[in-house]
Amino acid sequence: MSFQSIRYSVDEAIATIALNRPETLNALDAEMRRELMEAILQARDEARVLILTGIGRGFCAGQDLGDLSDPSGVNLERLLVEEYHPILTAIAEGPIPVLCSVNGVAAGAGANLALSADVVIAARSAVFLEAFARIGLMPDAGGTFWLPRLVGHARAMGMSLFADPIPAETAADWGLIWEAVNDELLDSRTRELAQRLAEGPTRAYRAMKEAMRASVTNDFAEQLKLEARLQADLAKSRDFMEGVLAFLAKRKAGFEGR
Ligand code: LHQ
């Protein structure tokens, strides 16, 4: 499969999707959305971890506003439901860990695309911008779901109402993202974390994603039940046996993954 608006590659069980419309700071147009969705599904079959990043000085500037020059003629609800939501759901609920490596500005749906990943790291020069209020909109693409859960009501509202850029370091301090790294170290740090995930227990990671996501709506009793069920499944896996044997033999575990 060849792509135009993204670059897709797989190396040592690590898939990388790099958004590739740098002249627009990787704004999402129809082609990029289509290709992003296809590549995410492909990565599930071909890799044990997925890196999502951007080419050029931006990560993603959100919806391509050039496509909305006559907003009255665009069915935004359809656009969100049919074209954005499957991408966001595939990232958040897909079976492999998604590591978002934010190389520059992440604005609008681009910021919320990043937040749907399991781990977000960002170059120190990157900013997170809930830009929506600037154009008379409210956060979408999962923003109103992730923001209050990640940073609490006050910061979620502040980011949305004022639509000011939040520097990567502040984002890390607030718990919006996992870490901010010096710009020149972003690629190597991304690779290092991805390699650790690719060598890790993929089945356990899948269960972690399911449990963490479910905790948002489950009560305590339901969550305990879910943990017990998922853990019982994992206990039957070769990875668990290997993990215990490796611990006892004082050697590194060699997980087989799926
Ligand atoms: C762009 C864009 C862009 C096109 C920069 N589109 N060209 C989804 C679907 C349905 C309903 C509505 O909601 C959504 C979700 C959304 O994402 S809505 C929010 C959309 N995004 C924004 O409002 C952000 C718009 N961009 C900006 O505010 C700035 O570009 C930021 C703050 C991201 C970066 O500012 P600068 O570093 O000063 O760069 P710039 O503004 O000069 O942009 C560089 C180029 O990229 C420029 O093109 P040009 O030809 O002049 O060099 C921009 O026009 C283009 N660009 N964002 N979203």
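Use the structure listed above.
A short tour of the structure in this document, coming up.

What counts, and where the lines are drawn
- Residues numbered from 1 in each chain as written.
- Predicted model: local features only at pLDDT ≥ 70, side-chain atom pairs only at ≥ 80, totals over all residues.
- Heavy atoms only, no water.
- Phe/Tyr/Trp six-rings, centres within 6.5 Å; stacked < 30°, edge-to-face > 60°.
- Buried < 20%, exposed > 50% of the residue type's maximum accessible area, 1.4 Å probe, protein only.
- Lys NZ or Arg CZ within 6 Å of the ring centre and 35° of its normal.
- Helix = DSSP H or I, 4+ residues; strand = E, 2+ residues; numbered from the N terminus.
- Contact = heavy atoms within 4.5 Å.
- Polar contact = N/O pair within 3.5 Å; in protein donor to acceptor, adjacent residues only side chain to side chain.
- Pairing = 2+ DSSP bridges.
- Axes fitted to C-alpha atoms, helices over the stretch in contact; angles between N-to-C directions.
- Arc of directions from axis to C-beta.
- Salt bridge = Lys/Arg side-chain N within 4 Å of Asp/Glu carboxyl O.
- 1 Å grid on protein atoms, 1.4 Å probe; cavity = no way out; pocket = protein on both sides within 12 Å on 5 of 7 lines; lining within 4 Å.
- Points joined across faces, edges and corners; volume = space filled by probe spheres on them.
- Nonpolar A, V, L, I, M, F, W, Y, C, P; charged D, E, K, R; others polar.

### Focus on the packing of aromatic side chains
A complete count under the given rule lists two aromatic pairs for this structure. Pairing Phe 3 with Tyr 8 gives two aromatic rings, centres 6.1 Å apart and planes at 75 degrees, and the pair type is edge-to-face. As far as burial versus exposure is concerned, Phe 3 and Tyr 8 are alike and both buried. Aromatic pair Phe 145 and Trp 146: ring centres 4.9 Å apart, planes at 90 degrees, arrangement edge-to-face. The class of Phe 145 is partly exposed, set by a relative accessible area of 33%. Here the basic side chain of Arg 149 rests over the ring of Phe 145, its NZ or CZ set 3.8 Å away from the ring centre.

### Re the environment of Thr 190
Turning to its location among the elements, Thr 190 is positioned in helix α6 (residues 186-198). Accessibility expressed as a relative area gives 4% for Thr 190, which makes it buried. On a C-alpha basis, the gap between Thr 190 and Ala 122 in space is 9.2 Å, while along the polypeptide they are 68 residues apart. Those residues within four positions of Thr 190 in sequence are excluded, and the remaining contacts are Ile 51, Leu 99, Ser 101 and Ile 121. Only 2.8 Å separates the side chain of Thr 190 from the side chain of Ser 101, close enough to count as a polar contact.

### Section: the sheet that holds strand β5 (residues 98-102)
One open sheet holds the six strands; their spatial order is β1-β2-β3-β5-β7-β10, and the pairing between them is mixed. Two strands bound the open sheet, and with one partner strand each, they are β1 (6-11) and β10 (179-181). Looking at each pair of strands side by side, their axes are set apart by 20 degrees on average, direction ignored. In this sheet, strand β7 (residues 119-123) lies alongside β5 in parallel orientation, the contact comprising four bridges.

### Regarding the pairing of β5
Here β5 lies mainly inside the structure; five of its five residues are buried. Because side chains alternate across β5, one face comprises the buried residues Val 98, Cys 100 and Val 102, and the other comprises Leu 99 and Ser 101, equally buried. With four bridges connecting them, strand β3 (residues 49-54) and β5 associate as parallel partners. What sits directly across from Leu 52, in β5, is Cys 100.

### Remarks on helix α9 (residues 238-248)
Residues of α9 that are buried include every one of Asp 239, Glu 242 and Ala 246, and no others. One side of α9 holds all its buried residues, which, seen down the axis, span an arc of 60 degrees. Along α9, exposed side chains directed more than 90 degrees from the buried face belong to Met 241, Phe 247 and Leu 248. Once α9 finishes, Lys 250 follows within two positions and takes phi at roughly 55 degrees, a positive value.

### Notes on the pattern of salt bridges
A full pass over the atoms with the stated rule returns 17 salt bridges. Between Arg 21 and Asp 29 there is a salt bridge whose closest N-O contact spans 3.4 Å. With a relative accessible area of 13%, Arg 21 lands in the buried category. The exposure class assigned to Asp 29 is buried, which follows from its relative accessible area of 13%. Between Glu 192 and Arg 189 there is a salt bridge, and its shortest N-O distance comes to 3.0 Å. One end of the pair, Glu 192, and the other, Arg 189, are both in helix α6, three residues apart, so they sit about a helical turn from each other. Judged by relative accessible area, Glu 192 falls into the partly exposed class, the value being 39%. Each of Arg 33, Arg 78, Glu 82 and Glu 83 takes part in one network of salt bridges that share partners.

### Re the layout of surface pockets
Taken as a whole, the largest pocket spans an internal volume of roughly 770 Å³. Looking at the largest pocket, it is lined by 22 residues, and the ones nearest its centre are Ala 117, Asp 118, Val 119, Met 212 and Arg 213. Put simply, the parts of the chain that give the lining of the largest pocket at least two residues each are β7, α4 (143-162), α6 and α7 (202-214). For the lining of the largest pocket, the element with the most residues is α7, which contributes five residues. Per-class residue counts for the lining of the largest pocket are 16 nonpolar, one polar and five charged. Of the pockets and cavities examined, the second largest pocket occupies roughly 320 Å³. Lining the second largest pocket are 18 residues, and of these Gln 63, Leu 65, Phe 132, Ile 135 and Leu 137 sit closest to its centre.

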